[in-house]
Amino acid sequence: MFTLPIMIEQAVNGLVLGSMYALVATGLTLIWGTMKMLNFAHGEFYMLGGFGTYFGLMILGLPPWLVVPIAVFLIFIIAFILEKSIISPLMGKPGWDISTVVATLGAGIFLQNFAFKFWGGDFLNVPYMFDGVLRIWGMAFAWHRLYILALTLVVIITFWQIVKRTRFGLALRATAQDNEAAILMGIPFRRIYTITFGLSASLAALAGSALAPIFSVNPWMGMVPLIKALIVVILGGLGSFTGAILGGFILGLCESFSVLFLSSGWKDLISFSLLIIILVIKPSGLFGAKEW
Amino acid sequence: MDPMPARKLLLRLRVANPATLWGTFALLALLPLLIHNDYYLNILTICLIYAALASTWNLMVGYAGILSFGHQAFYGLGAYFSAIITIHLGVSPWLGLPLGGLFAALLSLAIGIPCLRLRIAPYIAIATLAFSEILLVICKNWVSLTRGEMGLSGIPPLTSFRLGDFLTLNFGSGSKVPNYYVMLGIYILAMLAMYWLMNSKVGLALKSLREDQDAAASLGVDITRYKLIAFLISSFFAGVTGAFYAHYLSILTPESVFSVGEMVEVVAITLVGGIGTFLGPTLGAFTLIVGLELLRGLEDYRFMIYGAMLVIVVLLLPNGLLMGFHRSVTRIKGLLQFGKTK
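Criteria and thresholds
- Residues numbered from 1 in each chain as written.
- Chains lettered and ligands numbered in written order.
- Predicted model: local features only at pLDDT ≥ 70, side-chain atom pairs only at ≥ 80, totals over all residues.
- Helix = DSSP H or I, 4+ residues; strand = E, 2+ residues; numbered from the N terminus.
- Buried ≥ 20, exposed ≤ 12 C-beta atoms within 10 Å, placed from the backbone.
- Contact = placed C-beta atoms within 7 Å.
- Rg over C-alpha atoms; globule rule 2.2 N^0.38 Å.
- Pairing = 2+ DSSP bridges.
- Nonpolar A, V, L, I, M, F, W, Y, C, P; charged D, E, K, R; others polar.
- Axes fitted to C-alpha atoms, helices over the stretch in contact; angles between N-to-C directions.
- Parallel < 35°, antiparallel > 145°, perpendicular 65-115°, else oblique.
- Left-handed = near helix turned anticlockwise from the far one by under 90°.
- pLDDT = per-residue confidence, 0-100.
- Expected span 1.5 Å × (residues − 1).
- Core = buried A, V, L, I, M, F, W, Y, C linked by C-beta atoms within 7 Å.

## Considerations on the overall build of chain B
In step 1: Broken down by element type, chain B carries 16 helices and four strands.
In step 2: In chain B, which comprises 342 residues, the proportion classed as buried is 46%.
In step 3: Pairs at least 24 apart in sequence give 76% of the contacts found in chain B among residues at least 6 apart.

## Remarks on the overall build of chain A
In step 1: Helix and strand content of chain A: eleven helices and two strands.
In step 2: What you see for chain A is a C-alpha radius of gyration of 19 Å, in line with the 19 Å of a compact globule of 292 residues.
In step 3: The buried share of chain A, reckoned over its 292 residues, is 50%.
In step 4: In chain A, the proportion of contacts linking residues at least 24 apart, taken out of those at least 6 apart, comes to 74%.

## Here we look at the pairing of strand β1 (residues 133-136) of chain A
Residue and element names in this part refer to chain A.
In step 1: By the bridge criterion, four bridges tie β1 to strand β2 (residues 139-142) in an arrangement that is antiparallel. Across the sheet, the residue bridging to leucine 134 is phenylalanine 141, located in β2.
In step 2: The hairpin turn running from β1 into β2, its antiparallel successor, is two residues long, and tryptophan 137 in that turn takes a positive phi close to 45°.

## Overview of the interface of chain B and chain A
Many descriptions give the size of an interface as the accessible area lost when the pieces come together.
In step 1: Contacts between chain B and chain A engage 33 residues on the former and 35 residues on the latter.
In step 2: Considering only residue class, the side of chain B that touches chain A consists of 26 nonpolar, three polar and four charged.

## Here's the deal with the packing of helix α4 (residues 96-119) of chain A against helix α13 (residues 260-273) of chain B
In step 1: Interhelical geometry of α4 of chain A versus α13 of chain B gives an angle of 125° and a closest axis separation of 10 Å. Considering the angle they form, α4 of chain A stands oblique to α13 of chain B. Relative to α13 of chain B, α4 of chain A is oriented so that their crossing is left-handed. Contacts between α4 of chain A and α13 of chain B pair Ile98, Val101, Val102 and Leu105 of chain A from the former with Val264, Val267, Ala268 and Leu271 of chain B from the latter.
In step 2: Looking at side-chain class alone, the contact of α4 of chain A with α13 of chain B contains eight nonpolar, no polar and no charged residues.

## Topic: the confidence of the model for chain B
The predicted coordinates should not be examined in detail at positions where pLDDT is low.
Residues and elements named next belong to chain B.
In step 1: Taken as a whole, chain B shows an average pLDDT of 80; of its residues, 88% reach a score of 70 or greater.
In step 2: Of all helices and strands in chain B, the one with the weakest mean pLDDT is helix α1 (residues 6-13) (40), whereas helix α4 (residues 71-88) scores best (90).
In step 3: Across residues 1-13, where pLDDT falls below 50, the model places 16 contacts with residues more than four positions away in sequence or in other chains.
In step 4: Listed scores for the predicted complex are pTM 0.81 and ipTM 0.79.

## Some details on unusual backbone geometry
In step 1: Of note in the backbone geometry, lysine 36 of chain A takes a positive phi value of approximately 60° without being a glycine.
In step 2: Turning to its location among the elements, lysine 36 of chain A is positioned in the loop between α1 (4-35) and α2 (42-59).
In step 3: In this structure, serine 250 of chain B is a non-glycine residue whose phi angle is positive, near 65°.
In step 4: Of the residues examined, serine 250 of chain B has 15 C-beta atoms within 10 Å and is grouped as partly exposed.

## Some points on helix α15 (residues 302-316) of chain B
In step 1: With 15 residues, α15 of chain B should reach 21 Å at 1.5 Å per residue; the first-to-last C-alpha distance of 21 Å fits that figure.
In step 2: Within α15 of chain B, burial applies to Met304, Gly307, Met309, Leu310, Val311, Val313 and Val314 of chain B.
In step 3: Against α3 (64-87) and α4 of chain A together with α13 of chain B lie the buried residues of α15 of chain B.

## Some details on the nonpolar core
The tendency in soluble globular proteins is for nonpolar side chains to be buried as a group.
In step 1: The biggest cluster of nonpolar side chains holds 192 residues, and the ones touching the most others in it are Leu275 of chain A together with Ala127 of chain B.
In step 2: Once residues lying within four places of it in the same chain are set aside, the contact partners of leucine 275 of chain A are Ile231, Ile234 and Leu235 of chain A together with Ile126, Ala127 and Ala130 of chain B.

## Re the packing of α3 of chain A against α4 of chain A
All names here are of chain A.
In step 1: Two numbers describe how α3 lies on α4: the axes approach to 11 Å, and their chain directions differ by 135°. Here α3 is positioned oblique relative to α4, judged by the angle of their axes. Helix-helix and strand crossings are classified by hand; for α3 and α4 the assignment is right-handed. Residues Leu82, Ile86 and Ile87 of α3 lie in contact with α4, whose contacting residues are Thr100, Ala103 and Ala107.
In step 2: Classifying every residue of the contact of α3 with α4 gives five nonpolar, one polar and no charged.

## Some remarks on the environment of valine 233 of chain A
Residue and element names in this part refer to chain A.
In step 1: Along the polypeptide, valine 233 turns up in helix α9 (residues 223-236).
In step 2: Sequence separation of valine 233 and methionine 58 is 175 residues, and the distance between their C-alpha atoms is 34 Å.
In step 3: Apart from the residues within four sequence positions on either side, valine 233 is in contact with Ala25, Leu28, Thr29, Trp32, Leu238 and Ala244.

## Looking at the environment of serine 19 of chain A
All names here are of chain A.
In step 1: Within the fold, serine 19 resides in helix α1.
In step 2: Overall, the presence of 26 C-beta atoms within 10 Å leaves serine 19 in the buried class.
In step 3: Expressed as a C-alpha distance, the spacing of serine 19 and isoleucine 250, which sit 231 residues apart in the sequence, is 9.9 Å.

## Quick look at the environment of alanine 115 of chain A
All names here are of chain A.
In step 1: Among the secondary structure elements, alanine 115 is positioned in helix α4.
In step 2: Note on alanine 115: 23 C-beta atoms within 10 Å, which makes it buried.
In step 3: Expressed as a C-alpha distance, the spacing of alanine 115 and leucine 48, which sit 67 residues apart in the sequence, is 8.3 Å.
In step 4: Not counting chain neighbours up to four residues away, the residues in contact with alanine 115 comprise Met47, Phe51 and Pro219.

See the structure below:
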């Protein structure tokens, strides 16, 4: 049971799962870092990414290399509009830390039931974007899973470069560090908020798009990634970029290996118990970094 | 005449005055005399269940500053404990109500104590959410005790008793009125306990905690102890409410009590009503639950509109309905006075 090939296959599965957690959690931590709010509609952007991919591939019959960017871009626009219309008016007003929670919860409920009403509650299957399997040393890896891993790495590195190298990244980091000082430096923080929200949603949408073939598409598919991503951001330290990525992969690997000795019903205990243990031992999270 | 500044209103409203409180109780007690329809009474009972849940959550968050996202855990613990001891041990459901509450309060310490060490609100939110998700997993998988996802059925209703010579109170499935009054009793007890708490030394300490933890601690306020008291009272009454729910519906599934959806409902109710206001959660419960029933005719559009309404309410009244209501009353009063002086 614990032979090396099985272990490696489980590790790859864990990394695939982990890349979903990392992408969704990065979006959450990005919003927390800059805007100091939790976005409860985040899982719905993941869901929209899944549906976008389904429609592009199955209904319109477009090739994957066209579908993924279009879907992600559309969701960026949706998130952009959502931030402008419902988050931005609340920001900075008394009680914004709580009113944004209700606003995002409400938007999430709306989007879920919009999807349910117009696209139905069926579990929709999406084919792998890359057929076939890679065989090495008697192990088999579906190309699509490797594509997810590669995509996540590319996105994370690109994102890291944007944050570290560009003017936008500088403005983002400044706003995250000290909002008022950033305003004094003439950084248009409202615009930063809106773009950050859009980028964060795009990351979730990308994860939903890439994982649509592995988990089927339905209106409630965003729930689990949202809860898992919340766990990941706490594990990694809220607001920490590295923490979200490493935390995502750690949780993915833990869950994947737990399947070897736990029945699937009990599998979720791992992540939740891990979280509480970490919080008891080290309340600031594994990587407790406040800056990124 | 200027309308009263919002800040002053906020301070004045934190604890309701006794007249408003007793007036609300009286109004709720009179409702079954006006409404005879079983269907409506059922909805009103559900309103009271959520009013009690949201008010106890409000105590934890609005007054003690513990942003818990695991309130459904205490609700579910009370429900399952009372259901199981009445089914398997033959305990009277009347005893099940307080015992369910005590069990919930006892287990709440398991998450309450580690949480009190955490200072950042989202950490507490996620830790408490994780606690309730753990309970959901256990509840789904411990089939020999909870029957898992099939759920418990045939939970005995509250046993009937004779009142005087000719009045017997039944609590079976057909009798909505007695059940309504039992839930009202639980709700009133919870509200009075919280009212007493807020007007005692503990309440003053809690208020100082919410304003500034460090300042309060430096003045010698024992943060941990007062937070724990609020936590225990809150989880106890959430547990009692859960126990009532189990005996009222007589069926119980893990998802019906432990799901995140229940928590979302409680959060929405409290925030729409007005967090940190004493009667806000009650107003929110009646508005949202009755509102959701009114939308029933819209079928699939119902929850879409519900979600959109949450957004609209929060955009128009960021401090909740109760605050918005009070502000417009003051504004109208101001306008009337202005008219008089002219």
